[in-house]
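Residue-level structural notes
The primary structure of each chain is shown beneath.
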Amino acid sequence: MDVNAAVAAAAAIAGVLTGVIAVLAFRWSEREQNRPTRSSLHTDAVLPPGVDTVLSVLRSSAVVLDEADAVVKASSAAYALGLVRGGKLAVEPMLQMARDTRRDGEIRQVELDLPRRGTGRGEALAVSARVAPLGSRLVLLLVEDLTEARRIEAVRRDFVANVSHELKTPVGALSLLSEAVMDASDDPEAVERFAGRMQIEATRLTSLVQELIDLSRVQNDDPLEDAEPVRVDELVAEAIDRCRHQAGAKQITMAAGGAADLRVWGNRGQLAAALGNLVENAVNYSPARTRVGIAARSVNAPGGDHIEIAVTDQGIGISDKDKERIFERFYRVDPARSRATGGTGLGLAIVKHVAASHGGEVAVWSAEGQGSTFTLRLPEAGAARDRAHQQIARHERAGGAGLDEEAGRSTPTSPESTAYETLPAPEVLP
């Protein structure tokens, strides 16, 4: 009996000890879970409430520094721009601004040009940095990337300067010619000659203004708003008819061929203007008694079938250095020939914008003295319509965000894709 009592007492004592140990283990575990980690001490525990959430939705690159200049919080954009490296702010002028702001509490702002990471071309990254105190110990740095804005502003300045120069030339010529007409009022032959020159300059001025309007329209209008299936053969026929007079004056043969019953999806007016510009350039830059060909074909592509419309000429050709710039506004391969033909230097820029806004591209193959082939590549009507509907659906789900516009790039096309290989018997102009 004493033995049983002793065993029972020992069991009771063991149970009590087990319970005490379990309680202590539970409390120790709970304490460890509630203990702040190194990362939380570095960010959440230090940042004022709500700041982390606000910084996560800012478009600017954000960096929070503590009193030791250590990075407490940095957005992913700050790392992408190379502002933060190894837990430190890597831009010395910004670091000095942060120290000055921490010392006197003043808000500071400066614009800087920073070298791009990973590029050996010396390109600068334009940023605007603003530093402000965040509480009593922290400093907030907000950095805005101004590179694209600077580029757009430079393009706008160049565009205005080019427009002013192009408008000044015919306007100045008209002014001088009008004075010449007044001085030669008693010479009918001179008046007739000067009046003819005035008509030429007035026509050039009208063409320039119209192409400026067309360029502005294709840049600002959304072609998908009035999109419809457009027959390619109708676009080709319209482009040929547009240039029939100029081609006949130079005895240039224009021939159309390729696959039949092809359709693209887009704005008919813009597509007709783009193809018309390509055909008009081919006629203007071709010698007399040569041939211009227009051919269309369907090409299978991973993202959907595409339609390629190739315009081939036997003209002067384009050098390699000029091929990189021919789609720039007001750029001319041969300025003297452009003045003679009334060219404005905006035709290919319009073609590029139309192709890009329709989800396509324009490509060029050319060799000096051998002619050129410009290929307008556009999505086939069915594939483009489906993609347009998907973009509109995404646009509505995003709450009105604008549709993306793909940038058109010009890529070389091999001579094998020229229009001559699919041309039927040429259509000789009367």
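We now turn to the structure provided with this report. Just so it is clear, the structure is predicted and the values come from calculations on it, not from any experiment.

The rules behind these values
Residues numbered from 1 in each chain as written. Predicted model: local features only at pLDDT ≥ 70, side-chain atom pairs only at ≥ 80, totals over all residues. Heavy atoms only, no water. Pairing = 2+ DSSP bridges. Helix = DSSP H or I, 4+ residues; strand = E, 2+ residues; numbered from the N terminus. Axes fitted to C-alpha atoms, helices over the stretch in contact; angles between N-to-C directions.

Digging into the sheet that holds strand β5 (residues 108–115)
Pairing is antiparallel across the open sheet formed by five strands, whose spatial order is β2-β1-β7-β6-β5. Two strands lie at the open edges of the sheet, namely β2 (71–74) and β5, each paired on one side alone. In this sheet, neighbouring strand axes are inclined to one another by 25 degrees on average, regardless of whether the strands run parallel or antiparallel. Bridge analysis of strand β6 (residues 124–134) against strand β7 (residues 138–145) gives eight bridges, and the strand direction is antiparallel. Across the sheet, the residue bridging to V131 is L141, located in β7.

As for unusual backbone geometry
The backbone of D69 sits at a positive phi, close to 65 degrees, despite the residue not being glycine. Residue placement: D69 occurs in the loop between β1 (61–65) and β2. Residue R289 is not a glycine yet carries a positive backbone phi of 60 degrees. With respect to the secondary-structure elements, R289 resides in the loop between α10 (268–284) and β11 (291–299).

Topic: the sheet that holds strand β9 (residues 253–258)
What holds strands together in a sheet is hydrogen bonding between their backbones, with the strands either parallel or antiparallel. In space, the five strands of this open sheet follow the order β9-β11-β12-β14-β13, with mixed pairing throughout. The open sheet terminates on both sides in strands that have one partner only, identified here as β9 and β13 (361–367). Mean inter-strand twist for the sheet, computed between neighbouring axes without regard to direction, equals 15 degrees. Across seven bridges, β13 lies against strand β14 (residues 371–379) in antiparallel orientation. The partner of S366 across the bridge, within β14, is S372.

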